[in-house]
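Listed below, chain by chain, are the residues.
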Amino acid sequence: MGVDTKTLDRICELSRIEIKEENKQDVISKLDNVIHWMDSLNEVDTSKVEPLVNVSSLFGSAPWREDKATGGNKVEQVLKNAPSQMEEHFLVPKVVE
Amino acid sequence: MTNLNKLSMDQVRNSLKKGEFSAVELAKSYIQAMEKNRDLNAFITETSEIALKQAEESDKRIKAGNAGLMEGMPIAIKDLFCTKGVRTTASSKILENFIPEYESTVTSNLFSQGAVMLGKVACDEFAMGSTTLTSFFGTVKSPWKDQKGEYTVPGGSSGGSSTAVSGFMAIGATGTDTGGSIRQPASFTGLVGAKPTYGRCSRWGTIAFASSLDQAGPMTRTVRDSAIMLEAMAGYDQKDSTSANRDVPCFENAIGKSVKGMRIGIPKEYRVDGLNEEISKEWDRIAQILKDAGAELVDISLATTKYAGPVYYIIAPAEASANLSRYDGVRFGFRADGPFDNLDDMYLKTRSQGFGDEVQRRILMGTYVLSSGFYDAYFTKAQKVRRLIAEDFKQAFEKVDAILTPSSPSSAYTIGKEPKDPLEMYLSDIFTIPASMAGLPAMNVPTNLDSNGLPLGMQLISKHFDENTMFSLASVIEEAVDFQLNPNGLKE
């Protein structure tokens, strides 16, 4: 499988990343190289293999903990790094017409 | 440079206890070295005031007989660990002015054991890279120059850490390792770099790259220092659901232990076509050292080794594309200048201007392998092969106690002569990635200089939670090779 302009546009949209028109071919050829490399996995028979989803399962399991609230009411700290804020809210461009 | 900076952690520990010098004097000596070598660009943020204050507190605790494991040790912190009140950038424009309101568990553990923070050091942007050339804050130079007198790269992603420690600007540094980001820079700069078992060190407060792989570890000048520092960093943390609820042993006890009778696996698949002859010979030499120390060498096969690279470059970018979706210019970090057509336009401009090329490429790769139509063919397939890689190791560890391989297929690149094609660069991680896929502990031990005068290192891999075996073997190698850390690119 390979990447064409249409696929690139689609993943750019999903990623919210904009690639300038003049750079697209370069990005495509670099991605294509890597994806071609990934395709070598097709040589491996995995028909009877379960995906490894949780690495901790290789040596036991991840420990459980009680589900309890441990903090909160930190409005000032939460807003401190916000690029734009007002009256305890994050400010963003208008989203409702 | 004063001699204080040449001391190892155990030497410092003894001297501080005896009152031969104070923690403040030591901190000042390191601050001086850090300021003198600013041209190497290891530090993004220097925190000399904090260091001196922490050192004063250390002196008080030493006097009171309450010294911690890392008491008075001036260290550098990779700029991926959140430090409360101290700018934390991940070497990215998108976090250029981010000041965390909380402390990562690893740094918190280190400080509660008395460590002194000299500053925050650069890495590849979001820890994605093998050279530290992708840092938004400029090129970091290794203190090692090649034979023509040109600076080399310090490896990556923990390249600020490796420069700071090999350049005697810090006694140790934290690193993080996703596919080799501790071991490869340690190998490039002549350091000991240990990645413990996945889950040993909490990931809480460490800026996430690929959560199923990211693991913190120490970068130091000696094996014993590595053991001391790892013990301080490690430990169960409820705040990280993948943190292992296991006791942390005294890793230092493993140093100097006999390795007689240990079985060392030599995987044939690592002897790749075209493997650099010098590295191949060095591998044989170090294996012989272990044999001379009474270990038994066992030829093993890790048949899936060649697939570890493609698996990694599916899984890590996939996880990264999800982890990095939080950088949207709303809650923290950089926001592009408006006006914006709408909210989406703000996301788009912020992320396109805030992330560098390599990070954008990884996000795109990750999005591709996770997108509908490709998810099973790439992501699920990679997870399946990942299990096969882990099973290969499991079978090997039924026959051996540890595995010995080179850490990197080459020594450090001269700056400007590194591979330019991403795929070629990715291939430089092939020796470190497999252990990461299986969550195994692995470390680099510096062993020699190559014909270009640059450090070479070997990798030891041991069983899950059996870091002590790799530390014992590493200390045997260290003693036999007597590697001299004497980089030629430092200002006197």
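Because the structure is a prediction, the values reported are computed rather than measured.

Caption draft 1: Here's a closer look at the overall build of chain B. In terms of regular secondary structure, chain B is built from 15 helices and 11 strands. Its C-alpha atoms give chain B a radius of gyration of 21 Å, within 12% of the compact-globule value 23 Å for 492 residues. Structurally, chain B occupies a C-alpha span of about 65 × 50 × 50 Å along its principal axes. For chain B, the proportion of contacts with a sequence separation of at least 24, taken over those separated by at least 6, is 77%.

Caption draft 2: Structural view of helix α15 (residues 467-481) of chain B. All names here are of chain B. In this model, α15 (15 residues) spans 21 Å end to end at C-alpha, consistent with the 21 Å of a helix rising 1.5 Å per residue. With respect to burial, α15 is a largely interior element, 11 of its 15 residues being buried. For α15, the set of buried residues is E467, T469, M470, F471, S472, L473, A474, S475, V476, I477 and E478. Looking one or two places after α15, you find D482, whose phi comes out positive at around 50 degrees.

Caption draft 3: Seen up close, the interface of chain A and chain B. Across the boundary between the two partners, chain A contributes 39 residues, which contact 55 residues of chain B. Listed by contribution, the elements that provide at least two residues to the side of chain A that touches chain B are α1 (5-15) and α2 (24-38) of chain A. In terms of residues, the side of chain A that touches chain B owes the most to one element, α2 of chain A, which gives 6 residues.

Caption draft 4: Up close: the environment of G155 of chain B. Residues and elements named next belong to chain B. As for its position among the elements, G155 is in the loop between β3 (116-121) and α5 (159-166). Using a count of 38 C-beta atoms within 10 Å as the deciding quantity, one classes G155 as buried. Through-space distance from the C-alpha of G155 to that of R387 is 28 Å; in sequence the pair is 232 residues apart. For G155, the residues in contact, after removing those within four places along its chain, are S130, T131, S162, Q184, P185, S187, F188, T189 and A412.

Caption draft 5: How the structure looks around the sheet that holds strand β9 (residues 402-406) of chain B. Residue and element names in this part refer to chain B. Here we have 11 strands laid out as an open sheet, ordered β1-β3-β2-β4-β6-β5-β10-β11-β9-β7-β8, and mixed in their pairing. Two strands in the sheet have a free side with no partner beyond their single neighbour: β1 (43-46) and β8 (296-300). Taking each pair of neighbouring strands and ignoring which way they run, the sheet shows an average axis angle of 30 degrees. Bridge count between strand β7 (residues 263-267) and β8: 5 bridges; the pairing is parallel.

Caption draft 6: Expanded view of the pairing of strand β10 (residues 442-449) of chain B. Residues and elements named next belong to chain B. Burial within β10 is extensive, with 6 of its 8 residues counted as buried. The sheet contact formed by strand β5 (residues 192-195) and β10 spans 3 bridges and is antiparallel. Paired with G193 across the bridge in β10 is N444. Between the end of β10 and the start of strand β11 (residues 455-462), which pair antiparallel, lie 5 residues, with G453 showing a positive phi angle near 80 degrees.

Caption draft 7: Molecular detail of the nonpolar core. All names here are of chain B. I75 and L460 are the most contacted members of the largest nonpolar core, which totals 149 residues. It is helix α9 (residues 305-323) that provides the largest number of residues to this core, a total of 10 residues. Beyond its immediate chain neighbours, meaning those up to four positions away, L460 contacts A402, L404, A442, M443, V445, M470, L473 and A474. One finds W144, F188, Y413 and L454 within the second-largest nonpolar core, a separate group that totals 7 residues.

Caption draft 8: Examining helix α12 (residues 375-399) of chain B more closely. Relative to the 36 Å expected for 25 residues at 1.5 Å per residue, α12 of chain B spans 36 Å between its end C-alpha atoms, a close match to the ideal helical length. Where α12 of chain B bends most, at K381 of chain B, the angle is about 30 degrees.

Caption draft 9: A look at unusual backbone geometry. All names here are of chain B. In this structure, the amide linkage connecting G156 to the following residue, S157, adopts the cis form with an omega of 10 degrees. For S157, the location among the structural elements is in the loop between β3 and α5. Backbone torsion omega between G338 and P339 reads 0 degrees, so that peptide bond is classified as cis. Position of P339 relative to the elements: it lies in the loop between α9 and α10 (343-354). Here A90, not a glycine, exhibits a phi torsion of approximately 55 degrees, which is positive. Taking the C-beta count within 10 Å as the criterion, A90 has 33 such neighbours and is therefore assigned buried.

Caption draft 10: Geometry of the pairing of β5 of chain B. Residue and element names in this part refer to chain B. Going residue by residue along β5, you find V192 and A194 tucked away on one face and G193 and K195 tucked away on the opposite face as well. Examined bridge by bridge, β5 and strand β6 (residues 215-220) share 2 bridges and lie antiparallel to one another. For G193, the partnering residue across the bridge sits in β6 and is M219.

Caption draft 11: Structural context of the packing of α9 of chain B against α12 of chain B. All names here are of chain B. Packing of α9 against α12 leaves a shortest axis separation of 9 Å and a crossing angle of 130 degrees. With respect to each other, α9 and α12 are oriented oblique. For the crossing formed where α9 meets α12, the hand is left-handed. Of the residues in α12, those touching α9 at Y307, A308, V311, I314, I315 and A318 are Y378, F379, A382, V385, R386 and I389. Its residues assigned to classes, the contact of α9 with α12 shows 11 nonpolar, no polar and 1 charged.

Criteria and thresholds
Residues numbered from 1 in each chain as written. Chains lettered and ligands numbered in written order. Predicted model: local features only at pLDDT ≥ 70, side-chain atom pairs only at ≥ 80, totals over all residues. Helix = DSSP H or I, 4+ residues; strand = E, 2+ residues; numbered from the N terminus. Rg over C-alpha atoms; globule rule 2.2 N^0.38 Å. Contact = placed C-beta atoms within 7 Å. Expected span 1.5 Å × (residues − 1). Buried ≥ 20, exposed ≤ 12 C-beta atoms within 10 Å, placed from the backbone. Pairing = 2+ DSSP bridges. Axes fitted to C-alpha atoms, helices over the stretch in contact; angles between N-to-C directions. Core = buried A, V, L, I, M, F, W, Y, C linked by C-beta atoms within 7 Å. Bend = angle between axes of the 7 residues up to and from the residue. Parallel < 35°, antiparallel > 145°, perpendicular 65-115°, else oblique. Left-handed = near helix turned anticlockwise from the far one by under 90°. Nonpolar A, V, L, I, M, F, W, Y, C, P; charged D, E, K, R; others polar.

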